[in-house]
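The primary structure of each chain is shown beneath.
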Amino acid sequence: MRDHRRPGVLAAVIAAMLLALTGCVGIPGSGPVNAGLSLSEDSTGSNIAFNPQGPEAGASQQSILRGFVASFTSATGGYAVSKQFLSSDFKTKWDPRQSVQVRSGTPSISQLGAASLAYSFDTLATVDSTGAYSQTSQSFTLPFSFVKEGNQWRISAASDGIVLADQTFERIFRQYPLYFLDQQNQYFVPDVRWYPIGTASTRIVTALLAGPPDWLKGAAFSRFPDGTKLSDAGSVITPADGVAQVDLSKEALVASARDRQNMYLQLAQSLRSVSSISQVRLSIQGAPVQADDPGTAGPQVDFSVNSQALVLRRKEFGFYSNNRVADLAGISTKVLSLGPRDATISSDQQEVAVLGSAGVSVVRKTGTVALIDPRPDLIAPSLDEAGYTWSVPKSAPNAINVYDPSGTAHPISAKLQDGSQMISLAVSREGARVLMLLSTPTGPRLMVAAILRNEKLEPIGIGPAVVDVSLGNGVAVDATWVDQWTIGTLLTADGQSRVELYAIGGQKTALSSLVPSRQIVGGNKGENGLHVLGRDDSTLYSWGGSSWQSAKVAVDFIATQR
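Residues numbered from 1 in each chain as written. Predicted model: local features only at pLDDT ≥ 70, side-chain atom pairs only at ≥ 80, totals over all residues. Heavy atoms only, no water.

**Re the pairing of strand 24 (residues 433-440)**
- Most of strand 24 is tucked away, with seven of its eight residues classed as buried.
- Of the pairings in the sheet, the one linking strand 23 (residues 421-427) to strand 24 comprises six bridges and is antiparallel in character. Looking across to strand 24, one finds that Leu425 is bridged to Met436.
- In sequence, strand 23 turns back onto strand 24 through a hairpin of five residues, with Gly431 there showing a positive phi of about 85°.
- Sheet topology note: the strand 24/strand 25 (residues 443-453) ladder contains eight bridges and is antiparallel. Across the sheet, the residue bridging to Val434 is Ala449, located in strand 25.
- Taking the residues between adjacent antiparallel strands as the criterion, strand 24 and strand 25 are bridged by two residues. (Buried < 20%, exposed > 50% of the residue type's maximum accessible area, 1.4 Å probe, protein only. Helix = DSSP H or I, 4+ residues; strand = E, 2+ residues; numbered from the N terminus. Pairing = 2+ DSSP bridges.)

**Considerations on the sheet that holds strand 25**
- Across the sheet, which stays open at both edges, the four strands sit in the order 23-24-25-26 with antiparallel pairing between neighbours. Two strands bound the open sheet, and with one partner strand each, they are strand 23 and strand 26 (459-470). Neighbouring strand axes in the sheet, compared pairwise and without regard to direction, differ in orientation by 25° on average.
- Where strand 25 meets strand 26, eight bridges bridge the pair, whose relative direction is antiparallel. If you follow Arg445 over to strand 26, its bridge partner there is Ser470. (Axes fitted to C-alpha atoms, helices over the stretch in contact; angles between N-to-C directions.)

**Side note on helix 3 (residues 76-83)**
- When helix 3 is considered as a whole, its buried residues turn out to be Tyr79, Val81 and Ser82. End-on view of helix 3: buried residues confined to an arc of 115°, all on one side of the axis.
- Where helix 3 is buried, its residues meet helix 2 (61-70) and strand 6 (162-165). (Arc of directions from axis to C-beta. Contact = heavy atoms within 4.5 Å.)

**Re the side chain of Arg453**
- Note on placement: Arg453 falls in strand 25.
- Within polar-contact distance, the side chain of Arg453 engages the side chain of Asp384 at 3.0 Å.
- In terms of polar contacts, Arg453 uses its side chain to reach the backbone carbonyl oxygen of Gly431, at 2.9 Å.
- Excluding residues within four positions of it along the chain, Arg453 makes contact with Gln183, Gly218, Asp384, Ala386, Tyr388, Gly431, Glu458, Pro459 and Ile460. (Polar contact = N/O pair within 3.5 Å; in protein donor to acceptor, adjacent residues only side chain to side chain.)

**Examining the nonpolar core**
- Ile204, Val246 and Leu248 are the most contacted members of the largest nonpolar core, which has 59 residues in total.
- With six residues, the single largest contributor to this core is helix 5 (residues 200-210).
- Beyond its immediate sequence surroundings of up to four residues, Val246 is in contact with Val205, Leu230, Val236, Leu267, Val280, Arg281, Leu282 and Ser283.
- Counting 36 residues, the second largest nonpolar core, distinct from the first, contains Leu86, Val100, Leu142 and Leu164. (Core = buried A, V, L, I, M, F, W, Y, C linked by side-chain atoms within 4.5 Å.)

**A short note on the packing of aromatic side chains**
- Evaluation of the coordinates by the stated rule reveals 17 aromatic pairs.
- Linked through ring pairs, Phe68, Phe72, Tyr79, Phe85 and Trp94 together constitute an aromatic cluster. (Phe/Tyr/Trp six-rings, centres within 6.5 Å; stacked < 30°, edge-to-face > 60°.)

**Quick notes on the confidence of the model for the protein**
- Per-residue pLDDT for the protein averages 89, and the proportion of residues at 70 or more is 91%.
- The model gives residues 1-47 a pLDDT under 50, and that stretch makes 138 contacts with residues more than four places away or in other chains. (pLDDT = per-residue confidence, 0-100.)

**Remarks on the side chain of Thr489**
- With respect to the helices and strands, Thr489 occurs in strand 28 (residues 486-493).
- By relative accessible area, Thr489 is classed as buried at 0%.
- Excluding residues that lie within four positions of it along the chain, Thr489 makes contacts with Leu446, Leu471, Asp478, Ala479, Arg498, Val499, Glu500 and Tyr502.

**Some words on the pattern of salt bridges**
- With the rule as written, the count across this model stands at 12 salt bridges.
- Across the pair Glu351 and Arg364 runs a salt bridge, and its minimum N-O distance is 3.0 Å. Of this pair, Glu351 sits in strand 16 (residues 351-356) while Arg364 is found in strand 17 (residues 359-364), placing the two residues 13 residues apart along the sequence.
- Taking relative accessible area as the criterion, Glu351 reaches 14% and is therefore assigned buried.
- Connected via shared salt-bridge partners are Arg498, Glu500 and Lys508. (Salt bridge = Lys/Arg side-chain N within 4 Å of Asp/Glu carboxyl O.)

**Some remarks on the sheet that holds strand 10 (residues 279-284)**
- Read from one edge of the open sheet, three strands run 9-10-11, paired in mixed fashion. A single partner strand is all that each edge strand has here, and the edge strands are strand 9 (243-248) and strand 11 (287-288).
- Looking at chain direction, strand 10 and strand 11 are connected through two bridges and run antiparallel. From the neighbouring strand, Ile284 faces strand 11, where its bridge partner is Ala287.

**Here we look at the layout of surface pockets**
- Of the voids in this model, the second largest pocket is the one considered here, and its volume is about 690 Å³.
- Surrounding the second largest pocket, 34 residues form its lining, Asp342, Ala380, Ile423, Ser424 and Asp478 being those nearest its centre.
- The biggest single contributor to the lining of the second largest pocket is strand 27 (residues 475-481), with seven residues.
- Partitioned by chemical class, the residues of the lining of the second largest pocket number 18 nonpolar, eight polar and eight charged. (1 Å grid on protein atoms, 1.4 Å probe; cavity = no way out; pocket = protein on both sides within 12 Å on 5 of 7 lines; lining within 4 Å. Points joined across faces, edges and corners; volume = space filled by probe spheres on them. Nonpolar A, V, L, I, M, F, W, Y, C, P; charged D, E, K, R; others polar.)

**Describing empty space enclosed by the protein**
- Scanning all chains against the criterion turns up three cavities of 30 Å³ or more.
- In this structure, the largest cavity occupies an estimated 110 Å³ of space.
- Around the largest cavity, the lining comprises 14 residues; the ones closest to its centre are Asp302, Arg429, Glu430, Asp483 and Gln484.
- Counted by class, the lining of the largest cavity contains five nonpolar, four polar and five charged residues.
- In this model, the second largest cavity occupies a volume close to 70 Å³.
- Broken down by secondary-structure element, the contributors of at least two residues to the lining of the second largest cavity are strand 1 (99-113) and strand 2 (116-128).
- A per-class count over the lining of the second largest cavity returns seven nonpolar, two polar and three charged.

Below you can see the structure in the form of structure tokens.
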């Protein structure tokens, strides 16, 4: 993020933020991950610079503590400035990378004893040692112990980790997507991490070598052999020409030629978000790995769909443009025969899962219509890239059935809260994750989890939720995948609807309110590809960058494009 204010004003702003910084705390290793900012590239050319100072001679305990916390803005030299505030014995024990607390409000310091202080603050979020972001709302009071060395106060005991004020955190840290692979190496599966600018490349590679996080295990995979490390644990070398040199340890030698190519592709795709890197060179113990770009034959990182909305309008089903609906050959007539109320089309546009008057049916371009789920009270079905259709009754959210291409049902229990209703269920485009929007006795609830499959790619379960968040007041209406890592939710309250974006591994973003609406569907280009359908007027709306724009056309429903 660039700041174009005059240098004097900018310096004052930075100074004020430094004075506001406080705290140090260890972070719990679990908790829900919530959502929202869009990904930001590494800003090595940023004109924001933090240059914290070391301890002053004769400083009091409170001054030492405040200076220590202010120094968290610089990770240079492994937080070398911060360690100047620590006793000679303790500076080798303190681990600043254990966690980050994102602080809100004003902290306080109080005296506990002759050589100890209590530091209190509230958090908005935490980032653990792997870079995983979790939204939290907690209050902490932490003790700091002091000792005199050479007649100067130094910190002799403190919790691992650092604390940054929320605005400072967003200037120092950036979001970076790590890419793992699906079971068949056909699609990339993202996992977003937060790292300080300047250290991101090494931490990205180290995280890839560690493998998928617990919540994605069984759904996403790394092709680096177990035990593989950077041969030089110090850093990924990025010379002035923008080439990242990644040299791996001997454990990588056992990788097959195909796995070596996938290792390279994982690295290249994951390091793309670091703006200082334009090319990746992979080697094992100094020996270059030859890996050609497979182009469209390689794993796909994202899907593009038709930019036009796929709709049912006046007994026509197809893509809407310029006040007309273009039929889908071999599909539209079959869909219309089902009395459709909602639908999802496959990425190759050869198959449509339709919620009709008799239940959920599958329509194939070259085949007959097959009713696969006749149960009552069904919600809109979802498709995945392995050819399975997901269907569930609204009033029985734990009765998820996944139907294979032959129509055989494979029951999956999500073990959801008693008294809940399933409002929306949608599989991500690469097929590794599923979102569930619920209406619960305590209000709307959004969950995202990994899809577990066997060797035949049959879905056999749903993993632990990485997102499990209450959406506050209102009625849950619909949810959609906005892009690879962002969910869009539609809720209605007080005569208006609101759309909120939840990034998996990030924060929440709220878009402007709009008329009461009944459906939301994603497309291309993130939030700018969103379509919403008005509840009362059935008007089609799209997001115009800062507000909702009416297409001035009424449709019966918008179909989901995979």
